[in-house]
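# Per-entry structural report
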Amino acid sequence: MQPWLYAAVAAGVVEGLALLVQMGLLAWLIHSALVLARPMAELLPLLLALLAAAGVRAVAQYARDSLAQLAGSRVRQRVRRQLLGYWERQGPVRLAGHSSASLANQWVEQVEALDGYFARYLPQQWLALLVPVLFLLAVFWLDWLAALFLLISAPLIPLFMALIGMRAERISQQHVLEAGRLAGHFLDRVRHLTTLQLFGQVPAAIDSVAQAAERYRVVNMRTLRIAFLSSAVLEFFASVAIAVVAMYIGFGLLGYISYGPSAELTLFSGLFILLLAPEFFQPLRSLAQHYHDRAAALGAAAVLSRCGELVPAAGPVATPPSGAAEVVSLHGVSLGYPGRGRVLHEVQLQVRRGEVLALIGASGSGKSSLLHCLAGFIDVDAGQISLFGQPPGALPVAWLGQRPFLIQGSWADNLRLTAPQADATAMRAALQQVGLGELLAQQSQGLDTPLGEGGRGLSGGQAQRLALARVWLSEAPLVLLDEPTASLDPDSEAEVVAALARLAASGRTLIMATHQPALMALAGRRVALHNGRLVDA
Amino acid sequence: MRELLPWLKLLDEQRRRLLLGALLMAFTLLSAVGLLGLSGWFITATGLTALAWAAGQRVMFDVYVPGGGIRFFALSRTLSRYAERVVNHDTVLRLLATLRSRHFAGLARLDAATLGRLRAAQWLNRLTADIDTLDSLYLRLLAPPVVALAGVLVVCALVGIFHLPLAAALAAALLVLLAGLTWGMGRWCQRLSAGQVGQLDELRLRSIEQLQGLAELRAAGTLGGHQQRLLASSEQMLDEQLTLQRRVALAQALTGLLLMASVLAALWMALQWQQAGLLSGPVAVMLALALLALGEGLTVLPAAFARFGATLAAARRLNEQVALGSRLAEPARPRDVPDRLDIHWQQVSVRHAGIAGLDLQLEAGTRLALIGRSGCGKSTLAALLARQLDPDAGEVRVAGVTLTELALADWHARIAYLTQQAALLHDSVAANLLLGKADASDAELWQVLEAVGLADLVESLPRGLDHWVGESGRQLSGGEGRRLALARVLLKGAPLVILDEPFSGLDQATRERVRQGIEPYLRGRTVLLLGHAPLLLPAADRVVYWRQLQ
């Protein structure tokens, strides 16, 4: 538990004490005026003391809330940092099975859901234990039989709540899962609205969205009904206890009860007990109100911790053979995916610094997987990879995938993604190299012109060339290209090939998976993959 | 405030459920007031009666009526609170489900160009978060202040029975407090809370981007810097949240203090009148405790109204979207689609694509290949034909009938169109294929997969046709995803087929195989093919180079 939470609990105890004093003074004020018939002017100090107690209580309450909220905010930031680290370790290949939307939903919404647990539930859990004990002691001092009523009803409450809570937890986990699925469902259907329109599937999609929302309501109501039930149990006990205490005191004052301490009751002690009875249950009621915070947080934590479990142990980093600083080498590299079998078999390959290598082979022959291993996105099952004497992932590598990765922002924002230091001159030069110089000249705000999402506003070829310009800007010695010209027409392709040739001439090492003859022609050497095995080309 | 009007109207549809919820809410508050007030009266009355008895006076005291009242309020408070919560939350979730599907339906009406101007990530937020934010409209912003107001008025009326000026003073003080907790709190936090939705939105967008660019950023070693920036925006958002939460905490603490002050003021006055013989002791205590019980209705207000700005902002964004309309007009009395699909692009101009006065014909039952470099505008011709947009000038005709005279749905039913960016749904292989033909048998699915050379691959997948295809089809390679999209289009069996770069990302051997495989699906249909070179397309009857058209 964080120090802020301890401080919050301490403030909460002070608040309880102030409340105790306040209620005692209130009962004494009434007793003095009605029973002792003291003139009101004499009671003025009492009134001032009462106001002071109320002031202390307000300050303590404010301190408790803000301290607990501080703790909640710290925790969320820490979990966000950990999740980012997890994404990084998982890498693009292992995350490919999850939709970005539901992962982002975890990072944003589900981490937010942790707040209630830390900022509200956790401190309240302590206060629900400490503050009622405080009040109970006071009541015990006033009248032990009334204290006994409260004492008997109190332990029944956690019992009932635990029973209800166990179910709530299971249901809430389902709730979190459903919310994530719903987010993915929406984003996917919305993103593909045009496709759905073309296939005449819009009415079906509307139905499916309505069904998803309805399912969400049903799951949500199930969680809520349980949460409400647990607080209703509490309220019931609290209300009944107040009623019983009120009746007991009333009858005791009238002298109808001949047994126990009731003969000692006065209007002061009776009123004091009555005022404390609801406050005795109040911390527990707040806890119940925050119970769905706990359920939501635990549900979110279960999903988040599943991420933690998946983190693979970092394998031992083999020391590459000495004298390897001038080559990229693979020794007996094998790789398999669950559900797809072996994709690479004992691959043996050496690429000298500055060499341009074309990796050819049919679709699905393992070309992309080989590139992923080289980039360090996946650890190989067997064998060794050394990039100029370093293990994969140790050195920056320039990467260009099959789909251009572009963000919402300006041309410059997109270029600086992998080269944060690049200045305008370098960016212009890079764009020139990939044949986008002319297009840039037409942009109204030059490099600061905004780009639409997924490169909208640029043709497929232009978008890919913009991503390629990024490769040009990076200083990485090794460039991995995964079918970089697949979507380009012959003219654009020729421009890109020329840019790549210039890149190769600058001393960089290029390894590219491709089908295009023009790119193959650029390569100094070709190797072919066939069913995951390297064959001569 | 006006932005809330359409949503208030929507609430009106559920008027009876909402009214029931509000009544239950009010009943809960009044039960709490009754329980504490009556208990206070009872204890004081018994205490004073006992004193009188001790002094030898003969006073009658009925313990059963107030006792029954106390028990009644104890039960009614519990039951009405539970019922109120279940009823209100169910109503609100019902409203949300309706809102979501209506909103999606509204989006689905829009044309491709308007859709393109919005971004998918923003929509996710609009469809879920914004609509979720609006749930606070009734449950947090409308019902609780009304119920609190009712509570204040009832308690003040109770005081008024015994002393009118005191009741008026109390009512004035409590109404000012109520205004501060609602209107004042809303104003004070409006900017901060309105900004929060945008911050969450931005955070979500940036994290999605980071996930999509994980490969490139990680390879380049710049991922760390991007993570730091993402964390910094998260930190900033959390800081502003803290400021907001502190204001709420302050308002709540002050509410408790001010309520206590008014309880004391009322009690002080009441005790003075009691000593002057104007009021009985039990009544004086009852009035004070009834006031104290109002706290339950007041302390929920600051947190709710701190989020008022967020609700307004969400409503404003959703309204903007509702105001969008499709730029494609639907004919009032659509004509039937002609049987012979002779296509004529007649002097069409599309300004943003640089197409001016272009003329082209495609005879029914033939195949036309249109060759040009990427970005030249040939895809725009296909989009015109599929009526994803209308030309700025000229028209597209089918056997003499202008496309705008046909119902969009009728026309789309005649077309199978493979777009350049055709993407796969985050769903199973089968579900993606069934988009093309909802009632296709498994045999038909396997047949079309065979045609595009994917049958072996899908067979080798652990769950076969039910295998889940990643976002944008990422668990398949680029070429495999492309072929699956092609299979989906072919399966539709529409008389007019448009294929935009159908073989991009395929190696030569696969290309040849697919070219032959899909031949039966193209036979006898009207086909428009778009590509960089005739070699990269299925065989055509006629080849037109873009240069020749301009």
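This is a predicted model, so every value here is computed, not measured.

### Some words on the overall build of chain B
Helix and strand content of chain B: 22 helices and nine strands. The C-alpha atoms of chain B give a radius of gyration of 35 Å, which is well past the 24 Å a tight globule of 550 residues would have. Across its three principal directions, the C-alpha atoms of chain B cover 120 × 60 × 45 Å. In chain B, once contacts between residues fewer than 6 apart in sequence are set aside, the share between residues at least 24 apart is 79%. When the accessible surface of chain B is totalled, it reaches about 22100 Å², and 58% of it is carbon and sulfur. If the 54 positive side-chain charges of chain B are averaged to one point and the 46 negative ones to another, these points end up 7 Å apart.

### Some details on the overall build of chain A
Scanning chain A from N- to C-terminus turns up 15 helices and 11 strands. The buried share of chain A, reckoned over its 537 residues, is 60%. Put simply, 78% of the contacts in chain A that link residues at least 6 apart link residues at least 24 apart. Split by element, the accessible area of chain A, about 20900 Å² in all, is 59% carbon and sulfur.

### Describing the sheet that holds strand 4 (residues 382–387) of chain A
All names here are of chain A. Taking strand neighbours across the sheet as the criterion, the three strands line up as 2-1-4 in an open arrangement whose pairing is antiparallel. The outermost strands of the open sheet, each flanked by one partner alone, are strand 2 (341–352) and strand 4. On average, each strand axis in the sheet is tilted by 20° relative to the strand beside it, whichever way the strands run. By the bridge criterion, eight bridges tie strand 1 (residues 327–337) to strand 2 in an arrangement that is antiparallel. Along strand 2, the bridge assignment pairs L335 with L344.

### Some thoughts on the side chain of S80 of chain B
Residues and elements named next belong to chain B. Here S80 lies in helix 3 (residues 64–108). Accessibility expressed as a relative area gives 4% for S80, which makes it buried. Looking at S80, its side chain comes within polar contact range of the main-chain oxygen of R77, at 3.4 Å. Sequence-distant contacts of S80, defined by excluding residues within four places in its chain, comprise L24, F27 and T28.

### A short note on unusual backbone geometry
Residue and element names in this part refer to chain A. Of note, the phi angle at A37 is positive, near 55°, even though the residue is not glycine. Note on placement: A37 falls in the loop between helix 1 (3–34) and helix 2 (44–95). With a relative accessible area of 54%, A37 lands in the exposed category. In the Ramachandran plot, N531 falls in the positive-phi region, its phi being about 50° despite a non-glycine side chain. Relative to the assigned elements, N531 resides in the loop between strand 10 (525–530) and strand 11 (533–536). Residue class for N531 comes out exposed when judged on its relative accessible area of 56%.

### Notes on empty space enclosed by the protein
Residues and elements named next belong to chain B. Taken as a whole, this structure holds five cavities of 30 Å³ or more when the rule is applied. Lining the second largest cavity are W7, L10, L11, V92, L95, L96, L99, L134, D135, L137 and Y138. Element by element, the count of residues in the lining of the second largest cavity is highest for helix 3, at four residues. Per-class residue counts for the lining of the second largest cavity are 10 nonpolar, no polar and one charged.

### Some details on the sheet that holds strand 2 (residues 355–362) of chain B
Strand pairing in a sheet relies on backbone hydrogen bonds, with the paired strands running either antiparallel or parallel. Residues and elements named next belong to chain B. The four strands lie next to each other as 2-1-4-5, forming an open sheet whose pairing is antiparallel. Looking along the sheet, the strands with just one partner apiece sit at the ends: strand 2 and strand 5 (401–402). Along the sheet, helix 14 (residues 378–385) makes contact with strand 1 (343–350), strand 2 and strand 4 (393–398), crossing strand 1 at roughly 120°.

### Concerning helix 9 (residues 367–375) of chain A
Residues and elements named next belong to chain A. Counting buried positions along helix 9 gives eight out of nine residues, so the element sits mostly inside the fold. K367, S369, L370, L371, H372, C373, L374 and A375 are the residues of helix 9 that are buried. In the stretch just after helix 9, G376 is the one whose phi turns positive, near 85°.

### Focus: the pattern of salt bridges
Throughout the structure, instances matching the rule amount to 32 salt bridges over all chains. Across the pair E112 of chain A and R80 of chain A runs a salt bridge, and its minimum N-O distance is 2.9 Å. With E112 of chain A in helix 3 (residues 100–142) and R80 of chain A in helix 2, this pair connects stretches of sequence that are 32 residues apart. One exposure class covers both E112 of chain A and R80 of chain A, and it is buried. Between E512 of chain B and R515 of chain B there is a salt bridge whose closest N-O contact spans 3.2 Å.

### Digging into a negative patch on the surface
All names here are of chain B. Together, E330, D336, D339 and D410 make up a region of like negative charge exposed at the surface. Looking at the secondary structure, you find D410 in helix 15 (residues 408–414). Judged by its relative accessible area of 36%, D410 is partly exposed.

### Some words on the interface of chain B and chain A
Taken together, the contacts link 145 residues of chain B with 145 residues of chain A. Applying the counting rule to chain B against chain A returns four salt bridges. D90 of chain B is paired through a salt bridge with R217 of chain A; the nearest N and O atoms lie 2.6 Å apart. Element by element, the count of residues in the side of chain B that touches chain A is highest for helix 9 (residues 223–275) of chain B, at 27 residues. Its residues assigned to classes, the side of chain B that touches chain A comprises 70 nonpolar, 48 polar and 27 charged.

### Some words on helix 6 (residues 202–254) of chain A
Taking 1.5 Å per residue, 53 residues should reach 78 Å; helix 6 of chain A reaches 75 Å between its end C-alpha atoms and fits that length. Two residues or fewer past helix 6 of chain A, G255 of chain A is found with a positive phi of approximately 85°.

### Concerning the packing of aromatic side chains
All names here are of chain A. Tallied over the entire structure, the rule returns 15 aromatic pairs over all chains. Taking the centre distance of 5.7 Å and the plane angle of 40° together, the rings of F268 and F272 count as tilted. Taken as a pair, F268 and F272 lie in helix 7 (residues 267–289) at a separation of four residues, close to a single helical turn. As far as the burial class goes, F268 and F272 line up, both buried. In textbook terms, an aromatic cluster arises when at least three aromatic residues are bridged by ring pairs, as seen for W28, F268 and F272. Above the ring of F388, the side-chain terminus of R353 is found at 4.2 Å from the ring centroid.

### Some points on the confidence of the model for chain A
Residue and element names in this part refer to chain A. On average, residues of chain A carry a pLDDT of 82, and 86% of them reach 70 or more. Within chain A, helix 8 (residues 291–310) has the poorest average pLDDT of any element, 67, and helix 1 the best, 95. Ignoring residues within four places in sequence, the model shows residues 310–318, a span with pLDDT below 50, making nine contacts including any to other chains.

### Examining the pairing of strand 6 (residues 415–418) of chain B
Residues and elements named next belong to chain B. Neither face of strand 6 is open: one carries I415 and Y417, the other A416 and L418, and all of them are buried. Relative to strand 7 (residues 496–500), strand 6 is paired through four bridges, and the arrangement is parallel. Of the residues in strand 7, the one forming a bridge with A416 is V497.

Here is what the cut-offs are and how they apply
Residues numbered from 1 in each chain as written. Chains lettered and ligands numbered in written order. Predicted model: local features only at pLDDT ≥ 70, side-chain atom pairs only at ≥ 80, totals over all residues. Heavy atoms only, no water. Helix = DSSP H or I, 4+ residues; strand = E, 2+ residues; numbered from the N terminus. Rg over C-alpha atoms; globule rule 2.2 N^0.38 Å. Contact = heavy atoms within 4.5 Å. Areas by Shrake-Rupley, 256 points an atom, 1.4 Å probe, with all protein chains shown as cover. Lys, Arg positive; Asp, Glu negative; His and termini not counted. Charge placed at Lys NZ, Arg CZ, Asp CG, Glu CD. Buried < 20%, exposed > 50% of the residue type's maximum accessible area, 1.4 Å probe, protein only. Pairing = 2+ DSSP bridges. Axes fitted to C-alpha atoms, helices over the stretch in contact; angles between N-to-C directions. Polar contact = N/O pair within 3.5 Å; in protein donor to acceptor, adjacent residues only side chain to side chain. 1 Å grid on protein atoms, 1.4 Å probe; cavity = no way out; pocket = protein on both sides within 12 Å on 5 of 7 lines; lining within 4 Å. Points joined across faces, edges and corners; volume = space filled by probe spheres on them. Nonpolar A, V, L, I, M, F, W, Y, C, P; charged D, E, K, R; others polar. Salt bridge = Lys/Arg side-chain N within 4 Å of Asp/Glu carboxyl O. Patch = residues over 30% accessible without salt bridge, like charges linked within 9 Å, V, L, I, M, F, W, Y side chains within 5 Å. Expected span 1.5 Å × (residues − 1). Phe/Tyr/Trp six-rings, centres within 6.5 Å; stacked < 30°, edge-to-face > 60°. Lys NZ or Arg CZ within 6 Å of the ring centre and 35° of its normal. pLDDT = per-residue confidence, 0-100.

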